[in-house]
Every structure is written in C-alpha cells, then in structure tokens.
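What follows is each chain in one-letter form.
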Amino acid sequence: MLLSYCVPNFRRDADLARSWPTAVAAAAVSPPVELVLVDYAQDHSHFHMAHARNVSIRRANGDYILIGSTDFLLAPSLFAHLRELLSQPTALWLQPA
C-alpha cells in the first residue's frame, strides 16, 4: 500500500528545513511512502492553501493521501503506525456511514 504525504509550502523554508527531514526519516521506516512537496511561492505572488493542497493531491499516486504542513515534525513511526491501522479489517472509521 502506497501512502502519499503531501505538503504545500509558501515561503516557509525555515520550517521546511526542520520538518522535511522528519518526513524523509519516517518514510524510510515504513516504505513505500511518496513525499509530495508543492512549493507554491515559486509560481504565485499570493497563496491559496486550498489550491496548493489540491495540486498536491492531484500529483499524489498513493492509495491513501495525508495532508501535512511545513511545521509538522513527524515521529519516525508515523507511517508504520498508520499502515498498521489501515490494515486492520475492523477499523470502523474506514467503513462507510
């Protein structure tokens, strides 16, 4: 199961410099994880969070997509824990209402 972790960025490079290594490290613990970074500041003079998130989702290829932020510091076990939860057949939160 491929997990996609999407992060829109708009002129928060200092935060990204701290957080991105934690995403890379967490992805290495439980592959496959696709990391999708949308650097919104390169193409636009103003920021639209919804548009940046939508762009990242359209680029993602994962079976499950997680939206993050440039200031999220991820625990190394995050993707492994999510993968474990998603594999449980009795996970009620995954069942349609």
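Being a predicted model, the structure only gives us computed values, none of them experimental.

Draft legend 1. Broad picture of the pairing of strand β1 (residues 3–9). Counted residue by residue, β1 has seven buried out of seven residues, so it is predominantly covered. Burial of β1 is two-sided: the residues Leu3, Tyr5, Val7 and Asn9 facing one way and the residues Ser4, Cys6 and Pro8 facing the other way are all buried. Judged from the seven bridges that link them, β1 and strand β2 (residues 33–39) form a sheet pairing that is parallel. Bridging from a neighbouring strand, Val7 pairs with Leu37 of β2. Assessed by its sense of winding, the connection that carries the chain from β1 through helix α1 (residues 13–29) to β2 is right-handed. With four bridges joining them, β1 and strand β3 (residues 64–67) adopt parallel strand pairing. Opposite Ser4, over in β3, you have Ile65 as the bridge partner.

Draft legend 2. Local environment of the packing of aromatic side chains. Within the structure shown, the criterion is met by one aromatic pair. With centroids separated by 5.7 Å and ring planes inclined at 70°, the aromatic side chains of Tyr5 and Phe79 adopt a geometry described as edge-to-face. Here Tyr5, found in strand β1, pairs with Phe79, found in helix α3 (residues 78–87); they are 74 residues apart in sequence, far enough to count as distant. Each member of the pair, Tyr5 as well as Phe79, is classed as buried.

Draft legend 3. Up close: α3. Every buried residue belonging to α3 is among Phe79, Arg83 and Leu86, and all of these are buried. Considered in projection along α3, the buried side chains sweep an arc of 65° and stay on one side of the axis. Against β1, α1, β2 and β3 lie the buried residues of α3.

Draft legend 4. Broad picture of the side chain of Asn9. Inspection of the secondary structure assignment puts Asn9 in strand β1. Within the structure, the side chain of Asn9 is placed 3.4 Å from the backbone nitrogen of Arg12, a separation counted as a polar contact. The residues contacting Asn9, other than those within four sequence positions of it, are Leu16, Leu37, Val38, Asp39, Tyr40, Ala41 and Thr70.

Reading guide: rules and limits
- Residues numbered from 1 in each chain as written.
- Predicted model: local features only at pLDDT ≥ 70, side-chain atom pairs only at ≥ 80, totals over all residues.
- Heavy atoms only, no water.
- Buried < 20%, exposed > 50% of the residue type's maximum accessible area, 1.4 Å probe, protein only.
- Helix = DSSP H or I, 4+ residues; strand = E, 2+ residues; numbered from the N terminus.
- Pairing = 2+ DSSP bridges.
- Right-handed = clockwise from strand over helix to strand, strands pointing away.
- Phe/Tyr/Trp six-rings, centres within 6.5 Å; stacked < 30°, edge-to-face > 60°.
- Arc of directions from axis to C-beta.
- Contact = heavy atoms within 4.5 Å.
- Polar contact = N/O pair within 3.5 Å; in protein donor to acceptor, adjacent residues only side chain to side chain.

So far we have only geometry, and geometry alone does not tell us how the molecule works.
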